[in-house]
Amino acid sequence: MKKISLSGIKPTGTPHLGNYLGMIRPALELAKDFQAFYFIADAHALNQIHNSDELERLTWEAAAAWLALGLDPEKITFFRQSDIPEVFELAVLLAASTSKGLLNRAHAYKATVEANLAKGRDPDDGVNMGIYTYPILMAADILLFGSHVVPVGEDQRQHVEIAADIAQAFNREYGEVLVIPEAVIREEAAVVPGIDGRKMSKGYGNVIPIFSPPEQLHARIMGIVTDSRPPEKPKNPEEDNLFGIYKHFATREETEAMRRKYLRGGFGYGEVKQALYEVLERTFAATRTRYEGYLLDRLSLDRVLIAGAEKARASCAPLMRKVREAVGFHVAGKTEEHRKV
Ligand code: ADP
Ligand code: TRP
């Protein structure tokens with residue numbers, strides 16, 4: 001039996017190069033050796049997006065992105081989180097074994113509280129319970145399928161660790177029911193920089209979208225912040241976010257040539273931006289056409305997701321039964337068994 005790889009992406013904005021390098025590409029590579037479950041975490045996105053049309057549109061976009069980037073739904077179980085009621089059921093069971101302190105320490109929540117305090121606001125200003133219990137829902141996603149590995153970017157490491165902690169707490173109480181998951185983080189793409197040098201993130205508005213039309217992509221790249229040292233001075237490529245993005249898409253020879261250029265000095269950032277634009281176009285032009293094609297045929301996209309959800313539900317049924325039984329809930333056939341003894 002192959003081990004299980006699982007990951008999800010929140011449909012909260014257009015997929016970007018950070019998502020691709022940090023999660024989507026590694027996840028697709030892992031799918032060659034693992035049994036893979038990849039999904040669109042629309043219930044997680046619901047904490048931020050309270051507009052049904054928007055949530056639906058962003059979910060289509062995420063689905064089209066995965067497929068255009070090469071996810072084969074015949075090989076990978078690909079689904080929409082909200083089509084799996086077992087996820088929500090498991091989240092409730094796990095909540096009962098999760099200490100509140102664990103969630104108080106979750107980075108995303110803690111960061112919001114600290115930002116509120118810094119502004120002199122109520123610590124929980126703007127925090128809904130979905131954000132607070134976010135790690136429990138994510139633990140349910142992961143544990144429901146017996147996931148061994150979870151490919152994610154660095155920012156999700158703590159969430160996967162919390163899922164492992166929750167699984168351990170549950171197992172301590174009920175026996176070895178849940179698999180303890182582990183995050184898989186690619187060191188070289190753990191934190192892809194955005195156009196302002198901070199982590200590329202939808203929340204920061206500093207992303208380079210994977211599927212922008214060429215003119216927009218070009219404009220975005222021209223907006224990448226670079227340092228202001230004069231062009232003739234040698235520069236350290238490892239400290240430059242332009243190079244930090246370029247190296248992921250250029251060939252090894254191109255990267256080495258660019259590295260030498262930085263170390264020698266005497267070049268302009270405009271030149272590097274143009275080179276970055278060209279490697280991105282080369283990498284994604286055909287993918288973009290596929291993406292647009294998928295978005296024109298939402299019925300087919302929906303069919304893919306529904307078929308994926310059926311497979312996912314069949315896969316998680318045995319574990320869900322085990323968990324229900326472990327805590328003392330009714331499971332089909334159990335009463336008859338009792339009667340026999
Ligand atoms: P965002 O931060 O833009 O909202 P998500 O939270 O939807 O992105 O992230 C989806 C996946 O992509 C996660 O596994 C996350 O760790 C990864 N990821 C997001 N941004 C980056 C980045 N800049 N570098 C590496 N991985 C990233
Ligand atoms: N929290 C993840 C993110 O923001 C998305 C996510 C939800 C996820 N459930 C998951 C990732 C389970 C991995 C496994 O990117």
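Preceding this section is the structure that the text describes.
Residues numbered from 1 in each chain as written. Chains lettered and ligands numbered in written order. Predicted model: local features only at pLDDT ≥ 70, side-chain atom pairs only at ≥ 80, totals over all residues. Heavy atoms only, no water.

### Things to note about the overall build of the protein
Part 1: Check the secondary structure of the protein and you find 15 helices and 5 strands.
Part 2: What you see for the protein is a C-alpha radius of gyration of 22 Å, in line with the 20 Å of a compact globule of 341 residues.
Part 3: By principal-axis analysis of the C-alpha atoms, the protein measures approximately 85 × 50 × 40 Å.
Part 4: Out of the 341 residues in the protein, the part that is buried amounts to 49%.
Part 5: Long-range pairs, those at least 24 residues apart, make up 75% of the contacts in the protein with a sequence separation of at least 6. (Helix = DSSP H or I, 4+ residues; strand = E, 2+ residues; numbered from the N terminus. Rg over C-alpha atoms; globule rule 2.2 N^0.38 Å. Buried < 20%, exposed > 50% of the residue type's maximum accessible area, 1.4 Å probe, protein only. Contact = heavy atoms within 4.5 Å.)

### Brief notes about the site of ligand 2
Part 1: Not every one of the 14 residues close to ligand 2 is listed here, only the nearest: Lys10, Tyr134, Met138, Asp141 and Gln156.
Part 2: Note that a nitrogen atom of ligand 2 is positioned 2.7 Å from one of the side-chain N or O atoms of aspartate 141.
Part 3: At 2.9 Å from a nitrogen atom of ligand 2 is found a side-chain nitrogen or oxygen belonging to glutamine 156.
Part 4: For ligand 2, whose free accessible area comes to 360 Å², the fraction covered by protein is 92%.
Part 5: Cavity membership is defined here by more than half of the atoms lying within 2 Å of grid points; on that basis ligand 2 lies in the largest pocket.
Part 6: Those elements that provide at least two residues to the shell around ligand 2 are strand E1 (4-9) and helix H8 (134-144).
Part 7: Per-element tally for the shell around ligand 2: the top contributor is H8, with 4 residues. (Near = heavy atom within 4 Å. Polar contact = N/O pair within 3.5 Å; in protein donor to acceptor, adjacent residues only side chain to side chain. Areas by Shrake-Rupley, 256 points an atom, 1.4 Å probe, with all protein chains shown as cover. 1 Å grid on protein atoms, 1.4 Å probe; cavity = no way out; pocket = protein on both sides within 12 Å on 5 of 7 lines; lining within 4 Å. Sits in = over half its atoms within 2 Å of the grid points.)

### What about the packing of aromatic side chains?
Part 1: Scanning the model with the defined rule gives 15 aromatic pairs in all.
Part 2: On the numbers, 6.3 Å between centres and 15° between planes, the contact of tyrosine 20 with phenylalanine 249 is stacked. Note that tyrosine 20 is positioned in helix H1 (residues 17-30) and phenylalanine 249 in helix H11 (residues 241-249), a separation of 229 residues in sequence. In this structure, tyrosine 20 and phenylalanine 249 share a single accessibility class: buried.
Part 3: Seen from their ring centres, phenylalanine 267 and tyrosine 269 are 5.9 Å apart, and the 80° between their planes marks the pair as edge-to-face. In terms of burial, phenylalanine 267 and tyrosine 269 fall into one category: buried.
Part 4: One aromatic cluster is present, built from ring pairs that chain together Phe37, Phe39, Phe79 and Phe145.
Part 5: One Lys or Arg, arginine 198, reaches over the ring of tyrosine 204 and ends 4.0 Å from the middle of that ring.
Part 6: Seen from the ring of phenylalanine 267, lysine 235 lies directly overhead, with NZ or CZ sitting 5.0 Å from the centre. (Phe/Tyr/Trp six-rings, centres within 6.5 Å; stacked < 30°, edge-to-face > 60°. Lys NZ or Arg CZ within 6 Å of the ring centre and 35° of its normal.)

### Looking at the site of ligand 1
Part 1: Close to ligand 1 lie 19 residues; His16, Gly153, Asp155, Val192 and Lys202 are nearest.
Part 2: With respect to ligand 1, the backbone of glycine 153 contributes an N or O atom lying 2.8 Å from an oxygen atom.
Part 3: Taken by itself ligand 1 offers 540 Å² of open surface, and the protein chains cover 95% of this.
Part 4: Of all the cavities here, the one that holds ligand 1 is the largest pocket.
Part 5: Taken together, the residues that form the shell around ligand 1 break down as 8 nonpolar, 7 polar and 4 charged. (Nonpolar A, V, L, I, M, F, W, Y, C, P; charged D, E, K, R; others polar.)

### Here's the deal with the layout of surface pockets
Using a probe with the size of a water molecule, rolled over the atoms, empty space left in the structure can be pinpointed.
Part 1: In this structure, the largest pocket encloses a volume near 1,400 Å³.
Part 2: Considering the residues around the largest pocket, the lining is formed by 50 residues, among which Lys10, Tyr134, Asp155, Gln156 and Lys199 are closest to the centre.
Part 3: Contributions of two or more residues to the lining of the largest pocket are made by E1, H1, helix H6 (107-118), helix H7 (129-132), H8 and helix H9 (157-174).
Part 4: Top contributing element to the lining of the largest pocket by residue count: H6, with 6 residues.
Part 5: Space inside the second largest pocket adds up to approximately 270 Å³.
Part 6: What lines the second largest pocket is a set of 16 residues, and nearest its centre among them are Met1, Ile4, Phe145, Gly146 and Ser315.
Part 7: When contributions to the lining of the second largest pocket are tallied by element, the ones reaching two or more residues are strand E2 (35-40) and helix H14 (298-327).
Part 8: At 5 residues, the largest contribution of residues to the lining of the second largest pocket is made by H14. (Points joined across faces, edges and corners; volume = space filled by probe spheres on them.)

### Considering the environment of alanine 41
Part 1: Turning to its location among the elements, alanine 41 is positioned in the loop between E2 and helix H2 (42-45).
Part 2: The exposure class assigned to alanine 41 is buried, which follows from its relative accessible area of 5%.
Part 3: Along the chain, alanine 41 and serine 7 lie 34 residues apart, while their C-alpha atoms are 9.2 Å from each other.

### Re the nonpolar core
Nonpolar side chains tend toward joint burial in soluble globular proteins.
Part 1: Core analysis: the largest hydrophobic core is formed by 59 residues, its most contacted members being Leu17, Tyr38, Trp66, Ile208, Phe249, Leu276 and Leu280.
Part 2: Those elements giving two or more residues to this core turn out to be H1, E2, helix H3 (52-68), helix H10 (214-222), H11, helix H12 (252-264), helix H13 (269-296) and H14.
Part 3: With 10 residues, the top contributor of residues to this core is H13.
Part 4: In this structure, this core is formed jointly by two domains, domain 1 (4-191 + 297-340) and domain 2 (211-292), each of which donates at least three residues.
Part 5: With 46 residues, the next largest nonpolar core counts Ala41, Val87, Tyr134 and Ala167 among its residues. (Core = buried A, V, L, I, M, F, W, Y, C linked by side-chain atoms within 4.5 Å. Domains from an automatic or database assignment.)

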